[in-house]
Amino acid sequence: MNTVISTMQNWVSQVIVKYNFCPFARQEVESNSIHYFVSQAISHDDAVMDMLEQCSELNHEPERETTLVIFDKGFSNFDDFLDLVDLANALLVAQGFEGTYQIATFHPDYVFADSDEHDAANYTNRAPYPTLHLIREESMAQALVEYDDPEQIPENNIRLARRKGEAFWLHLLQQCHKAK
């Protein structure tokens, strides 16, 4: 599990923060307020139960700003992961976490709808492992108020990803597994 966590920490530092895919991540890395939870779940039911448990922990751990629920054993198939995402979002609402948390999604084979699988823009949501990122909505709303032109974040990320190209991002993602 420590290898999975260190790989994801490398990804957050070497991809998300370094290339500013999320302009709010650096502060959370520096304040050590990102919780990395490795789920052993391989079924959708177990996976969403782990996610809901992490939501409850966020409720009781205010020093945790955000949690990455990482699946190192399950959901390697992207379509299977998308089914998990749908179920996770539905249960977030059903369990009363809507408006408190939102989910961002990452996967090694992430492909945006109507996008070619080789489009470098997909790397804005590619990670070493299938991951549900639990984000505090109140914190995100505050960060967006303080950020100039937040609507441009996705477009800027796509432009950067395409400018660097698929081979660059693939190599960088592979390096996250090797860095210590």
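One can find the structure itself at the top, above this paragraph.
So, how was this worked out
- Residues numbered from 1 in each chain as written.
- Predicted model: local features only at pLDDT ≥ 70, side-chain atom pairs only at ≥ 80, totals over all residues.
- Heavy atoms only, no water.
- Salt bridge = Lys/Arg side-chain N within 4 Å of Asp/Glu carboxyl O.
- Buried < 20%, exposed > 50% of the residue type's maximum accessible area, 1.4 Å probe, protein only.
- Helix = DSSP H or I, 4+ residues; strand = E, 2+ residues; numbered from the N terminus.
- Pairing = 2+ DSSP bridges.
- Axes fitted to C-alpha atoms, helices over the stretch in contact; angles between N-to-C directions.
- Contact = heavy atoms within 4.5 Å.

Caption draft 1: Local environment of the pattern of salt bridges. Enumeration according to the criterion identifies 3 salt bridges in this entry. Of the charged contacts, one joins Arg 64 and Glu 57 as a salt bridge, the two residues approaching to 2.8 Å between their closest N and O atoms. According to the relative accessible area criterion, Arg 64 is buried, its value standing at 16%. By relative accessible area, which is 26% here, Glu 57 ends up partly exposed. Here Asp 119 ties to Arg 162 by a salt bridge, and the two come within 2.6 Å at their closest N and O atoms. Residue Asp 119 is found in the loop between β3 (101-106) and β4 (131-136), and its partner Arg 162 is found in helix α6 (residues 152-164); the two are separated by 43 residues along the sequence. The buried category is assigned to Asp 119, whose relative accessible area is 17%.

Caption draft 2: Spotlight on the sheet that holds β3. Taken together, 4 strands build an open sheet; the order of strands is β1-β2-β4-β3 and the sheet is mixed. In this open sheet, the two strands that pair with only one neighbour each are β1 (34-39) and β3. Going across the sheet, the axis of each strand differs from the next one's by a mean of 20°, ignoring polarity. The pairing of β3 with β4 spans 6 bridges and is classified as antiparallel. Of the residues in β4, the one forming a bridge with Tyr 101 is Arg 136. Packed onto the sheet, helix α5 (residues 137-146) meets β3 and β4 and runs at close to 70° relative to β4.

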